[in-house]
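# A structural walkthrough
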Amino acid sequence: MVSTNYAPEHAGIGPYATQIAEHWAAGGAEVHVLAGMPHYPAWRVDPAYAGVWRAEEERAGVRVHRRRHTVPPRQTAVRRALFEASVLAHGVYAPPAMGRPDAVVAQLPSLAGGILGARLARRYRVPYVPVVQDLMGAAARQSGIRGGGRVAAAAGAAESYALRRATLVGVIHETFVPKVAALGVPEERIRLVPNWSHVRSPSRPREEMRARLGWRPGRTVLLHSGNMGLKQGLEVLVEAARLDPDLLVVLMGDGNQRSVLRELAGGLPNLQFAPPADDADFPDVLAAADVLAVTQRASVLDMSIPSKLTSYFAAGRPVLASVAAAGGTAAEVERSGAGLVVAPEDPRALLDAVRALSDDPGRADALGARGPVYVREHLSREAGLARIDALLAEALGEHPRRAAAGEPGAGEDEGAEAK
């Protein structure tokens, strides 16, 4: 597997890459991961890896090969390009030392990771299976990153290079299919592999956790958890807090826009910035809130489906999506039946929806209750990992080299299947 993001990162794509790799290892496969240095969502290198250029470590039976790269504290198109270039250069210069794998899987949006995955698969003449979590070409155009419009074509070309060389392409949402097809991948080679909920169900009484967090009884709490980046457009939550002093808005997490949002807030007493919750507390913190917010800039349509949604649904609280109605995020919230969609970048519309839910707790509870049901029926970890297994098995079965005369099958000669 090639995935710039990997454990100990606990947000975004890292948990999915980690659970897939550990799932394969638990099944007896020999698994290698080419990864970057832990840095997300803070966009700061984990202190445990400061100054490290290369590292190899064993995590839950997975051999992780880490390579150093730049980590831009602020996102611009040029800085993001340097980040990708450093991932690519170090991966090309120092590929992981391992035997011939049976397949190479890559987690995108890392353009460098996609190219590295394609190169490794070509080198070994094995199936290559990228899983598209975000689309970087579309992100450059839609996310608001400075200079993004100028590099969108180049990012799209790199994406096209990586995806057209795939045996099969996995996408996490059906709204990605036309975009991936437009990059030159025949639709018959695209498979839907939705993400799953990777957190446990809440286990503590809500009032107990609210007291621990200092959220007084009766006060409505609107919580946003996760990355604080450009595409999230979190300014709408700052302005909602400014409009209603009785509402407590909590921004929990980290990201390159955190300091910008703090400056914009100007010390609002009803806006709290909280560090990411510990894994053990995270589900209960989500469940302690009254409403869970997911926000995106109005320009974000088909580049990304926030991974936080799977955790939000599991928490059993209503989800309020301030996102474009035509985008995949809105479609997912509406399909779940677990929340409401309002116009993006409109603090008044967001605030009106929060007040409506606060004034009708029965409706709020009913919406929230649909989230865990949706998780059980569609987003369980077992189902998600089974979809990934099926994707890989199909790619292995379709790849012509597997059927070549004298070609060793999975596990032959080396005693274990390597992915």
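About the cut-offs
Residues numbered from 1 in each chain as written. Predicted model: local features only at pLDDT ≥ 70, side-chain atom pairs only at ≥ 80, totals over all residues. Heavy atoms only, no water. Helix = DSSP H or I, 4+ residues; strand = E, 2+ residues; numbered from the N terminus. Polar contact = N/O pair within 3.5 Å; in protein donor to acceptor, adjacent residues only side chain to side chain. Axes fitted to C-alpha atoms, helices over the stretch in contact; angles between N-to-C directions. Parallel < 35°, antiparallel > 145°, perpendicular 65-115°, else oblique. Contact = heavy atoms within 4.5 Å. Nonpolar A, V, L, I, M, F, W, Y, C, P; charged D, E, K, R; others polar. 1 Å grid on protein atoms, 1.4 Å probe; cavity = no way out; pocket = protein on both sides within 12 Å on 5 of 7 lines; lining within 4 Å. Points joined across faces, edges and corners; volume = space filled by probe spheres on them. Buried < 20%, exposed > 50% of the residue type's maximum accessible area, 1.4 Å probe, protein only. Expected span 1.5 Å × (residues − 1). Arc of directions from axis to C-beta. Pairing = 2+ DSSP bridges. Right-handed = clockwise from strand over helix to strand, strands pointing away. pLDDT = per-residue confidence, 0-100. Core = buried A, V, L, I, M, F, W, Y, C linked by side-chain atoms within 4.5 Å. Salt bridge = Lys/Arg side-chain N within 4 Å of Asp/Glu carboxyl O.

The next subject is the side chain of R66. Counting through the fold element by element, R66 comes out in strand β3 (residues 62-67). Of the polar contacts made by the side chain of R66, one reaches the backbone oxygen of G36; its length is 2.9 Å.

Attention shifts here to the packing of helix α11 (residues 308-315) against helix α14 (residues 361-378). Taken N-terminus to C-terminus, the directions of α11 and α14 make an angle of 120 degrees; their axes are 6 Å apart at the nearest point. Between α11 and α14, the angle is such that the two are oblique. Of the residues in α14, those touching α11 at T310, F313 and A314 are G371, P372, Y374 and V375. For the contact of α11 with α14, the residue count by class is five nonpolar, two polar and no charged.

Per the stated rule, a full pass over the model turns up three cavities of 30 Å³ or more. Volume-wise, the largest cavity comes out at about 90 Å³. Counting residues per element, the ones that place at least two in the lining of the largest cavity are β1 (31-35), α2 (77-93) and α3 (111-124). A total of four residues in the lining of the largest cavity trace back to one element, the largest contributor, which is α2. Grouping the constituent residues of the lining of the largest cavity by class yields five nonpolar, eight polar and two charged. Put simply, the second largest cavity is a space of about 70 Å³. In terms of lining residues, the second largest cavity is bounded by twelve residues, among which M1, V2, H32, M98 and L120 are the most central. Top contributing element to the lining of the second largest cavity by residue count: β1, with three residues.

Position of Q107 among the secondary structure elements: in strand β4 (residues 104-108). You can call Q107 buried: its relative accessible area is 2%. Of note is the side chain of Q107, whose polar atom sits 3.1 Å from the side chain of Q133. Sequence-distant contacts of Q107, defined by excluding residues within four places in its chain, comprise M1, V2, S3, I13, A17, I20, V131 and Q133.

End to end, α14 covers 26 Å across 18 residues, agreeing with the expected 26 Å (1.5 Å per residue, within 8%). All of the buried residues along α14 are A364, L367, G368, G371, Y374 and V375. With its buried residues spanning 105 degrees around the axis, α14 presents them on a single face. For α14, exposure combined with an orientation more than 90 degrees from the buried face picks out R376 and E377.

Bridge analysis of strand β12 (residues 319-322) against strand β13 (residues 339-342) gives four bridges, and the strand direction is parallel. Residue pairing in the sheet places V319 in a bridge with G339 of β13. In this region the chain leaves β12, passes through helix α12 (residues 328-336) and returns to the parallel neighbour β13; the handedness of that crossover is right-handed.

Another point: the confidence of the model for the chain. Of all residues in the chain, 89% have pLDDT values of 70 or greater, and the mean over the chain is 89. Low pLDDT (under 50) marks residues 401-418, which in the prediction has 30 contacts with non-local residues, meaning those over four places away or in another chain.

So, on to the nonpolar core. The tendency in soluble globular proteins is for nonpolar side chains to be buried as a group. Membership of the largest hydrophobic core comes to 91 residues, with the highest contact counts inside it found for Y6, W24, Y128 and V180. Counting residues in hydrophobic clusters, the runner-up holds 28 residues, among them L234, L247, V249 and A293.

Before going further, it helps to spend a moment on the sheet that holds β4. Strand pairing in a sheet relies on backbone hydrogen bonds. The paired strands run either parallel or antiparallel. Taking strand neighbours across the sheet as the criterion, the four strands line up as β4-β5-β6-β7 in an open arrangement whose pairing is parallel. The sheet is open, and its two borders are formed by β4 and β7 (190-192), each paired with just one other strand. Mean inter-strand twist for the sheet, computed between neighbouring axes without regard to direction, equals 25 degrees. Strands β4 and β5 (128-132) of the sheet are contacted by α3, whose axis makes an angle of about 170 degrees with β4.

What follows is about the environment of L88. Position of L88 relative to the elements: it lies in helix α2. Taking the C-alpha atoms as reference, L88 lies 9.7 Å from R67; in sequence the two are 21 residues apart. Excluding anything up to four places from it in sequence, L88 contacts A112, I115 and L116.

In space, the three strands of this open sheet follow the order β1-β3-β2, with mixed pairing throughout. The open sheet terminates on both sides in strands that have one partner only, identified here as β1 and β2 (54-59). In this sheet, neighbouring strand axes are inclined to one another by 20 degrees on average, regardless of whether the strands run parallel or antiparallel. Where β2 meets β3, six bridges bridge the pair, whose relative direction is antiparallel. Along β3, the bridge assignment pairs E56 with H65. Sitting on the sheet, helix α1 (residues 14-26) touches β1, β2 and β3, and the angle it makes with β1 is about 160 degrees.

What follows covers the pattern of salt bridges. Taken as a whole and assessed by the stated rule, the structure comprises 19 salt bridges. Between E57 and R59 there is a salt bridge, with the nearest N and O atoms lying 3.7 Å from each other. The partner of E239 in a salt bridge is R242, with the nearest N and O atoms 3.2 Å apart. Here E239 pairs with R242, and both are found in helix α8 (residues 235-243), just three residues apart, close to one helical turn. By relative accessible area, E239 is classed as partly exposed at 25%. Residue R242 is classed as partly exposed on the basis of its relative accessible area of 37%. Look at the salt bridges and you will find they share partners, linking R200, R204, R212, D281 and D284 into a network.

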